[in-house]
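Structural characterization, general
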Amino acid sequence: MELHVLGVGVLTWLTFLPIIGMVAVLVLPKNNPAAVKWTAAVATFLQLVLAAILFVMFNKSMAGINDAASMQFVERFKWIDIQSQSWFGRIQIEYFMGIDGLSGPMVLLTALISFIAVFASWNIEKALKGYMAMLLLLDTGMMGVFVSLDFFLFYVFWEVMLLPMYFLIGVWGGPRREYAAIKFFLYTLLGSVLMLLAMIALYFSVAITDPATGEKIHTFNMLAMMNPANFEPGSLLYGFGTYWRYLAYIALFIGFAIKVPIFPFHTWLPDAHVEAPTAISVILAGVLLKMGTYGLLRVSYPMFPEIATATAWYLALLAFINIVYGALCAMAQKDFKKLIAYSSISHMGIVLLGMAALNTQGMLGAVFQMFNHGTITAMLFLIVGVIYDRAHTRDLDAFGGLALTMPKYTGIMTVAFFAALGLPGLSGFISEAFAFLGAFQVDKLRIITIASTLGIVLTAAYMLWTLQRVFLGQPNEKWAKLPDINPVETFTLVPLAVIVLVLGIYPSFMLDMMTTSLNHLVDFVSRGGAAVAMIP
Amino acid sequence: MGRQVLENLSNFWPETVLTITVCVAIVANLIFRKNAKLISYISLAGVLTAGFLVTRQIGMSQSVFSGMAAVDPFAVFFKLLIATTSVVIILFSMYSAEVQATFKRAGEYYSLLAALTLGMFLMAGATNLLMMVLAMELTSLSSYILAGYTKEAPDSSEASLKYIIYGALSSGLMLYGISIIFGLTGATDVYGVNRALVSGQTSYIALLVASILIIAGFGYKISAVPFHFWTPDVYEGAPVTITAFLSVASKAAGFAMMIRFFFMTLTVGAPLSDGTWLALQGFEWNKILAILSVLTMTLGNLVAVWQNNLKRLLAYSSIAHAGYMLMGVVVLSDKGLAAVLIYFVVYLFMNLGAFYVVMLVANKTGSEDIDSYKGMGYRSPLIGVAMVIFFISLTGLPPTAGFIGKLFLFVALLDAKWIWLAVVGAINSVVSLYYYVRVLRNMFLRDPEGDAGLIRFSPGQVIILLVLLIPTLLFGIYYAPIVEFANASVLMFRIQ
């Protein structure tokens, strides 16, 4: 399946539309904030339209993952091609993009969240041009990560996100923004340099034959890295379950785990979320966290299937810690935004649990949960933003009875809260149920899964408790005059609420897109995992 | 005999042109005393011509003046690098308030700059130990004077004096090391030394002592720990233009000479077909360099975190970068060498760029303190964006050229299974992010203090900035040409 717009592939458009928007924003005059905002809005809107077209045209029966032929909307060009030396093989890096059932939902999510983030930034006044430019650059980085199929390209986009994120938190953030921004930057960079080393090790171990010349070329092609036959005998990562492979897996894992974030690499997250402006929190929770789990599924799982299988139990244990620890921390918070931040850690744990199960239900639950968490948490952060804009405080105990003064707001909030705690009929329930169902089937993980369900109870507890403290009870006189949500805020929240509702009732919209690919992934990883069992 | 000298001279054109430039600049200064511009143009033309003549030598591989120097791809590469730096520095000097203030001594300044370039050219090609010492002395003496060029500033004189003392000590040590080598082998040209070392039984201890003494000399030139003590003071005290020149060209020349010395003398013959070199049996000097490399980058990065003067911060950062580049030497392979060369190309643009920004800002504000950069990103968005790109590149993040430099270093290290060193290098670049970002934080996250008007620059200044900025970005996205050029330039002339 291919789609070109004006002779350029659709994925390139998706990725670089925001950059075009960024350039446009930068050349606009400074004294016209409306033009800047609308330019950003148009750029992200076009991106969203393209993503929607992809969603409609997406062929649900094609698997992708490790098979280049069944990747969709593929664009593939030579980017860097360095002649071989006697002592240095040919280097080839491709501009290789494509999507499958794993990246498809993420592309959609990224486009959606970016579009909403622009409107959530409508009140920004300080250095608006710089803000929108950074936001759009970040958008390009995020989209690029999800559509890249060449590890080098993937890495470039992965790193492109860091700088705009640093400035977005650091310049437009809350009181402790400098600390939060540099903490985020250092943590993520630490993860990505380890990933870089693992990437280079993979590069050296994998060689494909050039069909034209018969030359052996080392490549960054991710699909080639997934095929065990491409690993050169005697190279660093050759074989199954070797010491070096474990080391490379751990390096990759830390890189991705910091992004998810998995306990104990999570400490940057509450700081970053609390200090970031609303729209950036939305992007951070909505898209950036998903990159960690996406990376695990796109890179770690298929390239190191035997280790992914062998360490599934440990991943489940980490998932359990994330779920329960995140929920307990959330319960202890007095700051509304910090509470949501910790709830993210808890919810990402469910994704990990589903992944650890390594079966279709678990995997479907995991990826679906990635999408749902993206939409639900985005709503939650928007909700916090609405109240913070009005009251300039996020102290949970300072409010009460807001349902009386802000009825519309309370209505939408209820949808988000109940979706977050997994009420049936809303999208969060489906994905959580699938993840737990999948993990429960695996004998080894049964106890962990049962223990993890505690997290659901805790989530219900802190969500309802928050709801009670903020929206019910005695109205606080101080906030009696708070206006209800305005049209722009409604515009950001309602589409998400609709998606949450629709996917709760008819999840197949999304699940159908993923099923074939994830089935294939599970199959592929378990076969790779079985290979190690055969080694005497 | 006469014919041979003439033939050799024909391969020596770039150096000859530089020598003439030195003389012409001095004479011109005597005649046109007040015309600093003219002298800068003369030296610019001289260096450009020399650079052009070097390009004519691409692909050559031969020895000149009976083994004194070699004209080979490796030397040509470094000469081009040095000539480029020199051209850029002369352009900087034309816009530098510090240098302009002393226009009466412009002849001194530009002729010494040309002499410095000449010394570095000789360092890049020297294949005889005596030639190496002489070339290094020519470079050092010129740079001592240039470091103290702004006599009016006390810290400039201090810098010059410290530089001389450290320089004298380390060249003394190096000379002593060389004399031991001569005693052991009876030869002064690298090929003779190598032949004697490979065939004969040499005392291991004597060789070790001699190598460490010689490393002291090289280590001083490339400012590797523990021979780096002069670097921060000199970099802080010297005029920015000279600091920038020393940080790139001097380091490059030092690396060129060091690589040639080690690879030509202390290895067993030519590289194997897969491009790996074997260290002399029983003497794995690359392990010494590995320790040096770790010390250099770690200390450079950790100390840089505490600096409040941007020139001093960049001094420590340049120490750290020397450490990264040493990693490429440690692996003892053509891949490692190519990685060093690639790194130098990239380093040239990003480091000169960073120093250029320091100079432009100092021209306007008169300060090099990191605190004086508060709100600079809003006072001059161009400077702000440029500094972000240069610093991101120095950290080694894509999509900038600095990432490519780091990438190829790590590639060489992992290929030779020096995993621990690669991990140390990677973690070091995370540390470096912290202090680079501190500057960016002041530029963008803090509001300007006091006089906070917009800063504007002349078109010439902006063009020079772009000349450095565009390659820093472009080579991050498309780097095949520099990699291929570096791959072709690892070839060093050797007697078959």
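Here is what the cut-offs are and how they apply
Residues numbered from 1 in each chain as written. Chains lettered and ligands numbered in written order. Predicted model: local features only at pLDDT ≥ 70, side-chain atom pairs only at ≥ 80, totals over all residues. Heavy atoms only, no water. Phe/Tyr/Trp six-rings, centres within 6.5 Å; stacked < 30°, edge-to-face > 60°. Helix = DSSP H or I, 4+ residues; strand = E, 2+ residues; numbered from the N terminus. Buried < 20%, exposed > 50% of the residue type's maximum accessible area, 1.4 Å probe, protein only. Core = buried A, V, L, I, M, F, W, Y, C linked by side-chain atoms within 4.5 Å. Contact = heavy atoms within 4.5 Å. Pairing = 2+ DSSP bridges. Axes fitted to C-alpha atoms, helices over the stretch in contact; angles between N-to-C directions. Polar contact = N/O pair within 3.5 Å; in protein donor to acceptor, adjacent residues only side chain to side chain.

1. Regarding the packing of aromatic side chains
Per the stated rule, a full pass over the model turns up 64 aromatic pairs over all chains. Look at Tyr131 of chain A and Trp172 of chain A: their rings are 5.2 Å apart centre to centre, the planes differ by 80°, and that puts the pair in the edge-to-face class. Placement of the pair is Tyr131 of chain A in helix 4 (residues 128-147) and Trp172 of chain A in helix 6 (residues 162-172), with a sequence separation of 41 residues. Ring geometry for Phe261 of chain B and Phe262 of chain B: centres 5.4 Å apart, planes at 75°, overall edge-to-face. Neither Phe261 of chain B nor Phe262 of chain B differs from the other in exposure class; each is buried.

2. Re the nonpolar core
Phe151 and Phe152 of chain A together with Phe255 of chain B are the most contacted members of the largest nonpolar core, which has 423 residues in total. In this view, Phe255 of chain B contacts Ile222, Ala322, Met325, Leu326, Val329, Val340 and Phe344 of chain B; residues no more than four positions away in its chain are not counted.

3. Some details on the sheet that holds strand 3 (residues 72-82) of chain A
All names here are of chain A. If you walk across this open sheet you meet the 4 strands as 3-4-6-5, and the pairing is mixed. Of all the strands in the sheet, just strand 3 and strand 5 (207-209) have a single pairing partner and so form its edges. Strand-to-strand twist in this sheet, taken as the mean axis angle between neighbours without regard to direction, amounts to 40°. Bridging between strand 3 and strand 4 (residues 90-99) involves 8 bridges; their strand directions are antiparallel. Across the sheet, Ile82 pairs through a bridge with Ile91, a residue of strand 4.

4. A word on the side chain of Ser293 of chain B
All names here are of chain B. Within the secondary structure, Ser293 is located in helix 13 (residues 285-304). On the basis of relative accessibility, which here comes to 0%, the residue Ser293 falls in the buried class. A distance of 3.1 Å separates the side chain of Ser293 from the backbone oxygen of Gly323, its partner in a polar contact. If we ignore the near neighbours within four places in the chain, the residues touching Ser293 are Gly323, Leu326, Met327 and Leu421.

5. With respect to unusual backbone geometry
Cis peptide bonds are those with omega within 30 degrees of zero, and the linkage from Val260 of chain A to Pro261 of chain A qualifies with -10°. In this chain, Val225 of chain B is followed by Pro226 of chain B through a cis amide linkage whose omega measures 0°. Here Pro226 of chain B lies in the loop between helix 10 (204-222) and helix 11 (230-237). One non-glycine residue, Lys417 of chain B, lies in the positive phi region at around 60°. Tracing the backbone shows Lys417 of chain B in the loop between helix 18 (401-415) and helix 19 (419-445). For Lys417 of chain B, a relative accessible area of 47% translates into the label partly exposed.

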